[in-house]
Amino acid sequence: MNAHTDNFTVRTRGQGTTEITEEVARIVRESGIRTGLCTVFIQHTSASLIIYENADPTARTDLHEYFSRLVPEDEDYFVHTAEGPDDMPSHIRMVLTRTSESIPISAARLTLGTWQGIFLFEHRRAPHTRTIVVSVVGE
Amino acid sequence: MNAHTDNFTVRTRGQGTTEITEEVARIVRESGIRTGLCTVFIQHTSASLIIYENADPTARTDLHEYFSRLVPEDEDYFVHTAEGPDDMPSHIRMVLTRTSESIPISAARLTLGTWQGIFLFEHRRAPHTRTIVVSVVGE
Amino acid sequence: MNAHTDNFTVRTRGQGTTEITEEVARIVRESGIRTGLCTVFIQHTSASLIIYENADPTARTDLHEYFSRLVPEDEDYFVHTAEGPDDMPSHIRMVLTRTSESIPISAARLTLGTWQGIFLFEHRRAPHTRTIVVSVVGE
């Protein structure tokens, strides 16, 4: 039984989703763990993680548009506005998605479904460098 | 210390929630693990998981209705429509709920609260066969 | 390799967020685990967990207001109303946030980012005693 914790960074290009499945799969392979659990964690409060369909990019376009409408920038009751109009919506969009995603490991591989990819969801308008921590536990 | 990964399938009857607590609890019992962590993972991007109140069915009826209004089918900006009007909303509803749920294990049992059950939340209108993967790690 | 499961209670003062990072960090320290995974789980269906910005309290004020508007109390289609007008919204707000949060452990510490704290999100109007279960696995 073993436990590994590793991390990597992703440079985002502003709002949108970036697939990180390969980076996570590499850490799982390097861990040598064949049966267990992989947990992906993002160390930020204005970006988040989702597991999402990775075949048709239009599924991601529509998702981005939905979130821009669900949590608009111009809510007149927002008080937390010192860091710009996209800051408070980014915190809420992060709460409505996930800070961590956990995926079982079987036969030394992530048990993702056929159409599933792991994505970083950047909520700020400006590019950011985001740190992702990956825990692998198992045997 | 041990790690087990198992899976099962659920046949859904279209949109709505199906309790899967017993299937998960059985895998935990069979693992022999007394202290640790159970993670339930769904291998799909148009169905999701929630831990929800399992006593009064009306709490689930109202939840279904809320989600049908929060993410309606007829958004005029949707581009990802090739698989039918219920496909894109199903991806968004999945993102707003969870792909995995993790529950600590103590005294060889899931530490669910009195009113908590684990539910599969089907977002497509047609029945589907959904695969659930369960990881159990601990000792 | 070890596994620990512990718990603690929090007395909430009605709707809002309460930081619980220190209570969780203490359980991680006491576990002696240096590399692994910490999972925080709430045993309730009308309160939830989030990892959120813990520097500026106005980020939490705006979050509370956003959720009170996203899931209002007076939806005329709600059937599950026997426990009061704040009960059904509390279940939905819980589904839209999280029942568990998982954080990798490295160098015997939670790998939280600079501005991240773990918060209990109480959705009922009345004060409640909430039980949090914490699982730590690793080595």
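What counts and how
- Residues numbered from 1 in each chain as written.
- Chains lettered and ligands numbered in written order.
- Predicted model: local features only at pLDDT ≥ 70, side-chain atom pairs only at ≥ 80, totals over all residues.
- Helix = DSSP H or I, 4+ residues; strand = E, 2+ residues; numbered from the N terminus.
- Contact = placed C-beta atoms within 7 Å.
- Buried ≥ 20, exposed ≤ 12 C-beta atoms within 10 Å, placed from the backbone.
- Arc of directions from axis to C-beta.
- Least-squares fit on C-alpha atoms with pLDDT ≥ 70 in both.
- Pairing = 2+ DSSP bridges.
- Axes fitted to C-alpha atoms, helices over the stretch in contact; angles between N-to-C directions.
- Parallel < 35°, antiparallel > 145°, perpendicular 65-115°, else oblique.
- Left-handed = near helix turned anticlockwise from the far one by under 90°.
- Nonpolar A, V, L, I, M, F, W, Y, C, P; charged D, E, K, R; others polar.
- pLDDT = per-residue confidence, 0-100.

(A) Focus on the overall build of chain A. Of the regular secondary structure elements, chain A holds three helices and eight strands. When the elements of chain A are put in sequence order from the N terminus, they spell out β-β-α-β-β-α-α-β-β-β-β. By its C-alpha atoms, chain A is 50 × 30 × 20 Å across when sized along the principal axes. Taking the intrachain contacts of chain A between residues at least 6 apart in sequence as the baseline, contacts between residues at least 24 apart amount to 83%.

(B) Representation of helix 1 (residues 21–31) of chain C within the structure. All names here are of chain C. Among the residues making up helix 1, those that are buried are Val24, Ile27, Val28 and Ser31. Within helix 1, the buried residues cover an arc of 100 degrees as seen down the axis, which keeps them to one side. Among the exposed residues of helix 1, those oriented more than 90 degrees off its buried face are Glu22 and Glu30. Residues of helix 1 that are buried in the fold lie against strand 1 (2–11), strand 3 (36–42), strand 5 (100–106), strand 6 (109–110), strand 7 (116–122) and strand 8 (129–138). A positive phi of about 75 degrees marks Gly32, the residue just after helix 1.

(C) Layout of the relation of the copies chain A and chain B. Mapping chain A onto chain B calls for a screw motion: a turn of 120 degrees about the axis and a shift of 0.0 Å along it, with 0.0 Å RMSD after fitting. What the superposition gives is, in effect, a three-fold axis relating one chain to the other.

(D) How the structure looks around the sheet that holds strand 7 of chain C. All names here are of chain C. One open sheet holds the three strands; their spatial order is 2-7-4, and the pairing between them is antiparallel. Strands with a single pairing partner mark the edges of an open sheet, and in this sheet they are strand 2 (16–19) and strand 4 (47–53). Direction aside, the axes of adjacent strands within the sheet are offset by 35 degrees on average. Sheet topology note: the strand 2/strand 7 ladder contains four bridges and is antiparallel. Its bridge partner being in strand 7, Thr18 is matched across the sheet by Leu120.

(E) The packing of helix 2 (residues 58–70) of chain A against helix 3 (residues 87–96) of chain B, seen in detail. At a minimum axis separation of 10 Å, helix 2 of chain A and helix 3 of chain B run at an interaxial angle of 60 degrees. The orientation of helix 2 of chain A with respect to helix 3 of chain B, classified from their angle, is oblique. With respect to the hand of their crossing, helix 2 of chain A and helix 3 of chain B are arranged in right-handed fashion. Contact residues: Ala59, Asp62, Leu63 and Tyr66 of chain A in helix 2 of chain A; Met88, His91, Ile92 and Val95 of chain B in helix 3 of chain B. Grouping the amino acids of the contact of helix 2 of chain A with helix 3 of chain B by side-chain chemistry returns six nonpolar, one polar and one charged.

(F) Region of interest: the sheet that holds strand 8 (residues 129–138) of chain A. Residues and elements named next belong to chain A. Overall, antiparallel pairing links the five strands, which are arranged 1-8-3-5-6 in an open sheet. Either end of the sheet is taken by a strand with one partner, and the two such strands are strand 1 (2–11) and strand 6 (109–110). Where strand 1 and strand 8 come together, ten bridges link them in antiparallel fashion. For Phe8, the partnering residue across the bridge sits in strand 8 and is Ile132. Against the sheet, helix 1 (residues 21–31) contacts strand 1, strand 3 (36–42), strand 5 (100–106), strand 6 and strand 8, and its axis sits at roughly 35 degrees relative to strand 8.

(G) Expanded view of the pairing of strand 3 of chain C. Residues and elements named next belong to chain C. Among the seven residues in strand 3, seven count as buried, and that is most of the element. Examined bridge by bridge, strand 3 and strand 5 share six bridges and lie antiparallel to one another. Bridge pairing links Thr39 to Ser102 in strand 5. In the sheet, strand 3 pairs with strand 8 via seven bridges, with the strands oriented antiparallel. Directly across from Leu37, in strand 8, lies its bridge partner Val137.

(H) Structural view of the environment of Arg13 of chain C. You can see Arg13 of chain C is positioned in the loop between strand 1 and strand 2. Taking the number of C-beta atoms within 10 Å as the measure of exposure, Arg13 of chain C has 10 and is therefore exposed.

(I) Just the interface of chain B and chain C, in detail. Each partner contributes to the interface: chain B provides 32 residues, whereas chain C provides 24 residues. Those elements giving two or more residues to the side of chain B that touches chain C turn out to be strand 3 (36–42), strand 4 (47–53), helix 2 (58–70), strand 5 (100–106) and strand 8 (129–138) of chain B. For the side of chain B that touches chain C, the leading source of residues is helix 2 of chain B, giving seven residues. Looking at the side of chain B that touches chain C residue by residue, the classes come out as 15 nonpolar, eleven polar and six charged.

(J) Expanded view of unusual backbone geometry. The phi torsion at Ala107 of chain A lies on the positive side, around 50 degrees, for a residue other than glycine. Following the sequence through the fold, Ala107 of chain A ends up in the loop between strand 5 and strand 6.

(K) Structural view of the interface of chain A and chain B. With 32 residues of chain A in contact, the opposing surface of chain B contributes 24 residues. If you list the elements that add at least two residues to the side of chain A that touches chain B, you get strand 3, strand 4 (47–53), helix 2, strand 5 and strand 8 of chain A. Among the residues forming the side of chain A that touches chain B, the class breakdown is 15 nonpolar, eleven polar and six charged.

(L) The arrangement of the environment of Phe8 of chain C in detail. Relative to the helices and strands, Phe8 of chain C is located in strand 1. Ignoring anything within four residues of it in the chain, the contact list for Phe8 of chain C reads Glu23 and Ile132 of chain C.

(M) Representation of the confidence of the model for chain A in the model. Per-residue confidence for chain A gives a mean pLDDT of 97; residues scoring 70 or more make up 99%. In the predicted complex, the global pTM is 0.98; the interface-specific ipTM is 0.97.

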